[in-house]
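Results of the structural survey
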Amino acid sequence: MLTIRMNEAGATALQPLAATELPTLCDALDQDLQNLLAWGLTDNEGALIFTAHKDRWPAAPASASDAVAKMGWQDLTGYECNYNSFHLEDYAPVQVTIRDDGQPQISTDDQGVLLRLGMVVADAVLRLVRALPRPTAVRCIILANDTNGTFRFHRIRPGEDWIDLEDLERYPREMTVVVDNQP
């Protein structure tokens with residue numbers, strides 16, 4: 001079952017999204033992003049990660065206590081969220097300007113572009129998960145604000161939450177979209 005949740009800012013940004021728009025965005029994916037997705041997903045000691053990222057991080061923690069002691073990860077969900085996170089603006093045709101204070105600046109319209117790209121990536125990740133020998137429940141988190149956009153995903157595990165699903169409005173600076181897939 002597919003569930004999509006968003007805060008008001010995310011809903012407003014995506015409201016004009018036409019059903020025909022996502023396939024067009026898929027065709028226009030940046031080549032590096034296409035390559036990342038083409039490598040697929042790997043189970044890395046209980047953590048589901050992008051195969052292309054497998055050598056970037058140490059092995060997943062055997063337990064939460066190992067995670068805190070060795071790498072500072074609270075749990076496997078935190079590990080996956082960090083491991084499977086990237087900046088959407090690195091792959092999108094958006095303008096990022098640098099303000100006088102040195103901070104990046106992304107327009108509201110371009111933040112909407114980042115959310116749309118994140119939805120395309122979420123769709124691709126869910127297709128990869130569904131193709132696994134043993135599909136699993138996953139959550140994709142797409143965030144955009146005036147300085148960046150991020151995509152991340154993790155397996156859904158009881159008691160391990162990366163984002164407060166009960167109150168997405170508590171992230172007032174973010175356009176927030178959460179896509180869950182339960183096999």
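The structure displayed is predicted, hence computed values, not measured ones.

Here is what the cut-offs are and how they apply
Residue positions are given per chain, counted from 1 along the sequence in the order it is written. Confidence filtering applies because this is a predicted model: local features only for residues at pLDDT of at least 70, side-chain atom pairs given and counted only at 80 or more, and all residues used for totals across whole chains, interfaces and linings. Excluded from the side-chain calculations are hydrogens and water; all other atoms, namely the structure's heavy atoms, are used. Helix and strand definitions follow DSSP, with helices as H or I runs of at least four residues and strands as E runs of at least two, each counted in order from the N terminus. Accessible area is worked out with a 1.4 Å probe on protein chains only. A residue is then buried under 20% of its type maximum, exposed over 50%, and partly exposed in between. For this analysis, residues touch if any pair of their heavy atoms sits within 4.5 Å. To measure how exposed things are, a 1.4 Å probe is used in the Shrake-Rupley method; for residues, cover is taken only from the protein chains shown. A pair of Phe, Tyr and Trp rings is counted when the ring centres sit within 6.5 Å of each other, with Trp represented by its six-membered ring. The angle between the planes then sorts it: under 30 degrees is stacked, over 60 is edge-to-face, the rest tilted. What counts as a salt bridge is simple: a side-chain nitrogen of Lys or Arg found within 4 Å of a carboxyl oxygen of Asp or Glu.

Examining the overall build of the protein
Counting its secondary structure elements, the protein contains six helices and nine strands. Taking all 183 residues of the protein together, the buried fraction comes to 48%. Long-range pairs, those at least 24 residues apart, make up 66% of the contacts in the protein between residues at least 6 apart in sequence. Put simply, the protein shows about 9500 Å² of open surface, and 50% of that area lies on carbon and sulfur atoms.

Section: the packing of aromatic side chains
Using the criterion set out here, one finds five aromatic pairs in the structure. Seen in terms of ring centroids, phenylalanine 50 and phenylalanine 86 are 6.2 Å apart; in terms of plane orientation they differ by 55 degrees. Their pairing is tilted. Of this pair, phenylalanine 50 sits in strand β3 (residues 47-50) while phenylalanine 86 sits in strand β4 (residues 86-87), placing them 36 residues apart in sequence. Each member of the pair, phenylalanine 50 together with phenylalanine 86, is buried. Ring plane angle 80 degrees and centroid distance 5.1 Å describe the contact between phenylalanine 50 and phenylalanine 153, whose orientation is recorded as edge-to-face. Of this pair, phenylalanine 50 sits in strand β3 while phenylalanine 153 sits in strand β8 (residues 149-155), and the two are 103 residues apart along the sequence.

Considering the pattern of salt bridges
Counted according to the given criterion, the structure contains eleven salt bridges. Arginine 155 is paired through a salt bridge with aspartate 43; the nearest N and O atoms lie 3.0 Å apart. Of this pair, arginine 155 sits in strand β8 while aspartate 43 sits in strand β2 (residues 41-44), and the two are 112 residues apart along the sequence. The class for aspartate 43 is partly exposed, based on a relative accessible area of 45%. One salt bridge in this structure joins arginine 99 and aspartate 101, with 3.2 Å as the shortest N-O distance. Overlapping salt bridges bring together Arg5, Arg139, Asp161 and Asp180 as one network.

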